[in-house]
Amino acid sequence: MSTDTRGGAAEPLVAVQDLVKRFPITRGIILQRQIGAVHAVEDLTLHIARGETLGLVGESGCGKSTTARLMARLVEPTAGSIRFDGEDITHLSGRAMQHVRRKVQIVFQDPYASLNPRQSVGQIIGAPLRIHGIEGDRRRQVQDLMEQTGLNPEHYNRYPHEFSGGQRQRIGIARALALRPSLIVCDEPVSALDVSIQAQIVSLLTDLQKEHDLTYLFISHDLGVVRHVSDRVAVMYLGRLVELADRDALYERPRHPYTAALISAVPQGTGANRRRIVLQGDVPSPANPPSGCPFHPRCPKARIISGDPAVVPENCATEMPSLTAVAPGHTAACWYPLVPGDDLIAAAEGMAPEVVEQAEEAATA
Amino acid sequence: MTGHIRPFPPDDPRGGPHAHPCTHEPGRTALTTAPVTGGEEPIGIEPATVPGVQARTPWQLFLMRFRRDRLAMASLVFIGLLVVLAFAAPLIAGISGHDPNQLFRQMTDDFGLPKGPNGSFWFGADASGRDVLVRIAYGTRVSLIVGVVATSVAVVIGVTLGLIAGYRGGILDTLISRTADIVLSLPLLLFAIGIVTACGSSREGCFGGAVKPGLMLVIIVIALFSWPYVAKIVRGAVLSLREREFVEASRSVGAGDLTIMFREILPNLISVIIVYASLLVPQNILFEAYLSFLGLGVPDSTPSWGRMISDASGIFDVAWWLMLFPGIFLLLTVLAFNLLGDGLRDALDPKADR
Ligand SMILES: Nc1ncnc2c1ncn2[C@@H]1O[C@H](COP(=O)(O)OP(=O)(O)OP(=O)(O)O)[C@@H](O)[C@H]1O
Ligand code: SF4
Ligand SMILES: [Mg+2]
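The rules behind the values
Residues numbered from 1 in each chain as written. Chains lettered and ligands numbered in written order. Predicted model: local features only at pLDDT ≥ 70, side-chain atom pairs only at ≥ 80, totals over all residues. Heavy atoms only, no water. Helix = DSSP H or I, 4+ residues; strand = E, 2+ residues; numbered from the N terminus. Rg over C-alpha atoms; globule rule 2.2 N^0.38 Å. Buried < 20%, exposed > 50% of the residue type's maximum accessible area, 1.4 Å probe, protein only. Contact = heavy atoms within 4.5 Å. Areas by Shrake-Rupley, 256 points an atom, 1.4 Å probe, with all protein chains shown as cover. Lys, Arg positive; Asp, Glu negative; His and termini not counted. Charge placed at Lys NZ, Arg CZ, Asp CG, Glu CD. Near = heavy atom within 4 Å. 1 Å grid on protein atoms, 1.4 Å probe; cavity = no way out; pocket = protein on both sides within 12 Å on 5 of 7 lines; lining within 4 Å. Sits in = over half its atoms within 2 Å of the grid points. Nonpolar A, V, L, I, M, F, W, Y, C, P; charged D, E, K, R; others polar. Points joined across faces, edges and corners; volume = space filled by probe spheres on them. Axes fitted to C-alpha atoms, helices over the stretch in contact; angles between N-to-C directions. Parallel < 35°, antiparallel > 145°, perpendicular 65-115°, else oblique. Left-handed = near helix turned anticlockwise from the far one by under 90°. Pairing = 2+ DSSP bridges. Polar contact = N/O pair within 3.5 Å; in protein donor to acceptor, adjacent residues only side chain to side chain.

Peer 1: Help me understand the overall build of chain A, please; the structure alone is not making it clear to me.
Peer 2: A tally of helices and strands in chain A yields 13 helices and 12 strands. In terms of overall dimensions, chain A is globule-like: its C-alpha atoms have a radius of gyration of 22 Å, near the 21 Å expected for 365 residues. Along the first, second and third principal axes, the C-alpha atoms of chain A reach 70 × 60 × 45 Å. Put simply, chain A has 365 residues, and 56% of those count as buried. Long-range pairs, those at least 24 residues apart, make up 67% of the contacts in chain A between residues at least 6 apart in sequence. In the structure as shown, chain A presents an accessible area of about 15000 Å², 49% of it carried by carbon and sulfur atoms. With 37 positive and 41 negative side-chain charges, chain A shows a spacing of 6 Å between the two charge centroids.

Peer 1: Can you help me understand the site of ligand 2 in this one?
Peer 2: All names here are of chain A. Residues in contact with ligand 2 amount to 13 residues; listed here are only the nearest, Cys293, Cys299, Cys316, Cys334 and Trp335. Under a 2 Å grid-point criterion requiring more than half of the atoms, the pocket assigned to ligand 2 is the second largest cavity. A per-class count over the shell around ligand 2 returns 10 nonpolar, two polar and one charged.

Peer 1: Just checking my understanding: could you explain empty space enclosed by the protein for this structure?
Peer 2: If a probe the size of a water molecule is rolled over the atoms, the empty space left behind becomes visible. Residue and element names in this part refer to chain A. Counted by the stated rule, this structure contains four cavities of 30 Å³ or more. Roughly 80 Å³ of internal volume is contained in the second largest cavity. Around the second largest cavity, the lining residues are His256, Pro257, Cys293, Phe295, His296, Cys299, Lys301, Ala302, Cys316, Cys334, Trp335 and Tyr336. Looking at the lining of the second largest cavity residue by residue, the classes come out as nine nonpolar, two polar and one charged.

Peer 1: Honestly, the packing of helix H4 (residues 132-168) of chain B against helix H5 (residues 170-185) of chain B in this entry has me stumped. Any pointers?
Peer 2: Each pair of packed helices can be described by the angle between their axes along with the distance between the axes. Residue and element names in this part refer to chain B. Packing of H4 against H5 leaves a shortest axis separation of 7 Å and a crossing angle of 140°. In terms of orientation, H4 and H5 fall into the oblique class. Seen from above, H4 lies across H5 with left-handed handedness. In contact with Leu161, Ile164, Ala165 and Arg168 of H4, H5 contributes Gly170, Leu172, Asp173 and Ile176. Within the contact of H4 with H5, the residues separate by chemical class into five nonpolar, one polar and two charged.

Peer 1: How should I be thinking about the sheet that holds strand S9 (residues 232-237) of chain A in this particular structure?
Peer 2: Paired through backbone hydrogen bonds, the strands of a sheet run either parallel or antiparallel to each other. Residue and element names in this part refer to chain A. The sheet built from eight strands is open, its strands ordered S6-S7-S8-S3-S9-S10-S12-S11 with mixed pairing. Pairing within the sheet leaves two strands with one partner each, and these edge strands are strand S6 (104-107) and strand S11 (324-327). The mean angle between the axes of side-by-side strands here comes to 25°, regardless of whether they run parallel or antiparallel. Pairing geometry for strand S7 (residues 183-187) and strand S8 (residues 215-219), over five bridges, is parallel. From the neighbouring strand, Asp187 faces S8, where its bridge partner is Ile219. Taken strand by strand, helix H5 (residues 165-177) contacts S6 and S7, and its axis lies near 175° from that of S6.

Peer 1: In this structure, what is going on with the site of ligand 1? I would like to understand it.
Peer 2: All names here are of chain A. Taken together, 13 residues lie around ligand 1, and Ser60, Gly61, Lys64, Ser65 and Thr66 are the ones closest in. Measuring from an oxygen atom of ligand 1, one finds a backbone N or O atom of Cys62 at 3.2 Å. Its free accessible area being 630 Å², ligand 1 has 61% of it covered by the protein chains. Elements that contribute at least two residues to the shell around ligand 1 include exactly strand S2 (33-48) and helix H1 (64-71). Broken down by element, the residue count for the shell around ligand 1 peaks at three residues, all from H1.

Taken by themselves, the reported measurements are silent on function.
Written out as structure tokens, the structure reads:
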């Protein structure tokens, strides 16, 4: 669906290379010593083609919002690079950055926190136009945006608290749309909304995409919504990308054990093959990630390979697998990608919680 | 987007009609059927406004709550009357025919003691034979001017410094916060006495004549000592406001630091500032009274409540009116501003526990 006007090999709109974001953990009041770091995003490499929707899924705390903020240049990367439309924007500032801001916008998760309670809708949606000195009748432009996002233009002078959650999210979308961006990062745009309203916001986003040739990075922990909107889907675990593939390939033939577990956790009614892979243990702390493959303390596939619930293969425990192609357009970061016949459910059931705990302790000691 | 928009189809390999956890939610089917644009959300789920009730702006809500607060309304009326009294002071002097600094021989007896209230001197006279009522009316001017102007200056300084300290953090924050701490830890009355005596003892003033004695000096001293309260409150509020998502949203559309500080954060501080300022006014009125009581405030020719109370202190056992009337005015004024401040706080932030 993307129309590449430049011709030749389609250059991606966004190309992220080895992006790292660590938040320092400090102690002490006057002399702040750094005693560690939260590894929020580690070695993230991906690209987003023009006009596509890249879904990004993962559990809470795996670094999705940090990725969104990095893309929108709201936090400074610790390392790595972000190219947008062929231009390196990793460390841009000042006027050059203002130019990029017009092209990259973000829709936030919380429609309550992301709107200033003391500003009217007109002020909120008009702010980007004002800041960038866009010519024209501002009131008309704002009301036009309100109409496009399904808001009543007569509510121009109302305040956010007078709107429902869904309508507030429409205000957030109208604001993101005001500068006619090419990329919109949607950080869990529907997670805070009622289920019935989620559907309306999702279809608003898809309609706007068609109308304005938008590219989306669509972040969610809801695999169903991501499946609905995405062309390709990326899966994150503990700050790292573990699998990236076309939507159908990812949902139907996941190759990374973690992806398979996530997908199996989506309730699916009464089909024959619908037992869950129940992972033992919790997601380890991103301040102290495990050695080797970050998933190894909980990984059922590693136990299938070793044949012993208490043992993982040497390379899983010590070496970080990199994202490698397992099929055309399908990459996974795993030493032993899933093959048909792997019984992860049984392997996971065979793992006692103590085993996982011990493995975690060993890996992070 | 993908070509076929058939969300969670029944033939989904993930399984039958229960393809999605939300299949049974009544609204879920809306994914394929809901009108996308121009649609109000279905009523009954999340109505935008309560039907039949006019949407209220924050300002209207505030007015509604404030009007219900009897004490605060009474205080507001009292303060309004004080303002009228301050403006009408020359009028009262004209009607009674008593100038505030005019000495009336007939109002002191042979021992030099003043005479009490009578038909022409309603509040009696002071030891020099001046009309207490007229002087109280003029004193209202001093109290209100000092209270309001000194507070305004303190608020402007305090808000600006508090915003910078809270928003920028780092070395600027350290500098501003420590300065505020130092000012707050100074023995304020002693220090004020020092400045006022140094600058107020001679007509030339101090700092090469830059600071002259009088009302202006009193205002400057009081403002100098009250901005740190404002700065600290504002800084604390900014620290939490700047982490709010709408600040990040504003940055994402390209807003700079100044825009964020003054357009995004400042409007959220208005209620804090109003409440705090209304509580600072009575404090500063009292402060002026202390200074005047000590003979360090405005010059004797300008009537001031503090000065009048001070003058009364030697003879109040025989001339009770000298102490009583200015005392009552001072008490009621301070009380009214405090009650008004409390009322404003309740009306602006009904959730705040007290
Ligand atoms: N400003 C920050 N300072 C310190 N740590 C942070 C900061 N922002 C995020 N983190 C940490 O980085 C990690 C990733 O956070 P992030 O918000 O990106 O996760 P997420 O996937 O968006 O989670 P959620 O689903 O809860 O939104 C978390 O451990 C979080 O505590
Ligand atoms: S690399 Fe090893 S531990 Fe990591 S996911 Fe693959 S099999 Fe599991
Ligand atoms: Mg998040």
